[in-house]
Amino acid sequence: MRIRANNPSPMTLTGTNTYVLASRDDSAAVLIDPGPELAEHRENFLAEVGERRLAAIVLTHQHADHSEMLGSIDQWAPDVPVYAVLDRFARHTPPVSDGNRIVFGDDPTDVLEVVATPGHTSDSISLIHDGTLYSGDTILGEGTTIVTYPEGSLGDYLDSLDRLRELCDAGAFTRIEPAHGPTIESPAEVIDHYRSHRRERIAQVQAALDQGARTAAEVCDIVYHDVDPRVRGAAEQIVRAQLAYLGALSPDDV
Ligand SMILES: [Zn+2]
């Protein structure tokens, strides 16, 4: 079950998706990305958990639109383990890493498999359960995601997309539930689109450098000249990630 937070913006699309998955016997649940600190959102996802035992909370990555609600966790889930890559978010359990299995019920299928997908941020993970990939911000339901700088890395991101494509080919998942936007029913196609989009952008950044652009702002003026002014800051961040990837980050931008 998807519960969308009321925090729409150019960066969060229609808002952050929080997921509540029930165990096979319906007695327990796991929560993926509690989201922003909005009372109404908390009421909505807790109503979805209902009488079930909340067995685990999983954070796909550090950004506030996914994690902020953890600030009030003592009020709504004080004893529930929080699975996260970063030590500062993990709670009642050690930090997670690639290959970990998060058990949230008694049935052997009540498991989330952790796939490390660094890139958007270094701590980004995706989760596989029952043929679905919960992708966090690594893949979004609409448009493409950004590689943040300095938390993220474009080289890691391209590797993560390759890894997801391989897992998709191997049949590990057939649909994607992203942290923003609608369900993706054709994952291979979308992952390929992400890969070609990133390569096109890298080529455009290289062309801007060849034309003499040096700083992130100068490159951004050329490559992202048509971008919505509200996401100009995000565009400059991804340009920094692209320049770092190309080994061309100007000292002024570090
Ligand atoms: Zn994010």
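Scroll up to find the structure this text is about.
This section reports on the structure supplied with the text.

Procedures and definitions
Residues numbered from 1 in each chain as written. Predicted model: local features only at pLDDT ≥ 70, side-chain atom pairs only at ≥ 80, totals over all residues. Heavy atoms only, no water. Helix = DSSP H or I, 4+ residues; strand = E, 2+ residues; numbered from the N terminus. Contact = heavy atoms within 4.5 Å. Phe/Tyr/Trp six-rings, centres within 6.5 Å; stacked < 30°, edge-to-face > 60°. Buried < 20%, exposed > 50% of the residue type's maximum accessible area, 1.4 Å probe, protein only. Core = buried A, V, L, I, M, F, W, Y, C linked by side-chain atoms within 4.5 Å. Salt bridge = Lys/Arg side-chain N within 4 Å of Asp/Glu carboxyl O. Axes fitted to C-alpha atoms, helices over the stretch in contact; angles between N-to-C directions. Left-handed = near helix turned anticlockwise from the far one by under 90°. Nonpolar A, V, L, I, M, F, W, Y, C, P; charged D, E, K, R; others polar. Donors = N, O, S within 2.8 Å, 3.2 Å for Na, K, Ca; no water.

Notes on the side chain of Thr 12
As for its placement among the helices and strands, Thr 12 is situated in the loop between strand E1 (2–4) and strand E2 (17–22). Residues contacting Thr 12, with those up to four places away along its chain left out, are Asn 7, Asp 65 and His 180.

Here we look at the packing of aromatic side chains
What the rule picks out here adds up to two aromatic pairs. Measuring from centroid to centroid gives 5.2 Å for Tyr 19 and Tyr 134, while their planes differ by 70°, and the two rings are edge-to-face. With Tyr 19 in strand E2 and Tyr 134 in strand E9 (residues 132–136), the pair connects residues that are 115 residues apart, well separated along the chain. The exposure classification of Tyr 19 matches that of Tyr 134, with both residues buried. When the centroid spacing of 5.2 Å and the interplanar angle of 65° are considered together, the rings of Phe 45 and Trp 76 count as edge-to-face. With Phe 45 in helix H1 (residues 39–49) and Trp 76 in helix H3 (residues 73–76), the pair connects residues that are 31 residues apart, well separated along the chain. Both residues of the pair, Phe 45 and Trp 76, count as buried.

Side note on the nonpolar core
Core analysis: the largest hydrophobic core is formed by 36 residues, its most contacted members being Ile 139, Phe 173, Tyr 194, Val 219, Tyr 224, Val 239 and Leu 243. Secondary-structure elements contributing two or more residues to this core are helix H4 (154–169), helix H5 (187–210), helix H6 (216–223) and helix H7 (232–245). Take this core: its biggest share by element is seven residues, from H5. Counting residues in hydrophobic clusters, the runner-up holds 18 residues, among them Met 69, Ala 77, Val 82 and Ala 84.

Some details on the pattern of salt bridges
If you walk through the whole model with that rule in mind, you get 15 salt bridges. Residue Arg 195 is joined to Asp 162 by a salt bridge in which the shortest nitrogen-to-oxygen separation is 2.8 Å. One end of the pair, Arg 195, is in helix H5; the other, Asp 162, is in helix H4, and 33 residues separate them in sequence. Given a relative accessible area of 19%, Arg 195 falls into the buried group. Using a relative accessible area of 25% as the deciding quantity, one classes Asp 162 as partly exposed. Notably, a salt bridge pairs Arg 175 with Glu 177, separated by 3.6 Å at the nearest N-O pair.

Section: the packing of H5 against H6
The contact between H5 and H6 brings their axes to 9 Å, and the two run at 115°. Seen along the crossing, H5 lies across H6 with a hand that is right-handed. Between H5, through Arg 201, Gln 204, Val 205, Ala 208 and Leu 209, and H6, the contact on the second element is made entirely by Val 219, Ile 222 and Val 223. Of the residues assigned to the contact of H5 with H6, the class counts are six nonpolar, one polar and one charged.

Observations regarding the coordination of the zinc ion
In the first shell of the zinc ion, the protein supplies His 61 (NE2), His 63 (ND1), His 120 (NE2) and Asp 137 (OD), at 2.1 to 2.3 Å from the metal. Read from N- to C-terminus, the donor residues coordinating the zinc ion fall into the pattern H-x1-H-x56-H-x16-D. Of this pair, His 63 sits in the loop between strand E4 (53–58) and helix H2 (64–67) while Asp 137 sits in the loop between E9 and H4, placing them 74 residues apart in sequence. Assessed through its relative accessible area of 17%, His 63 is described here as buried.

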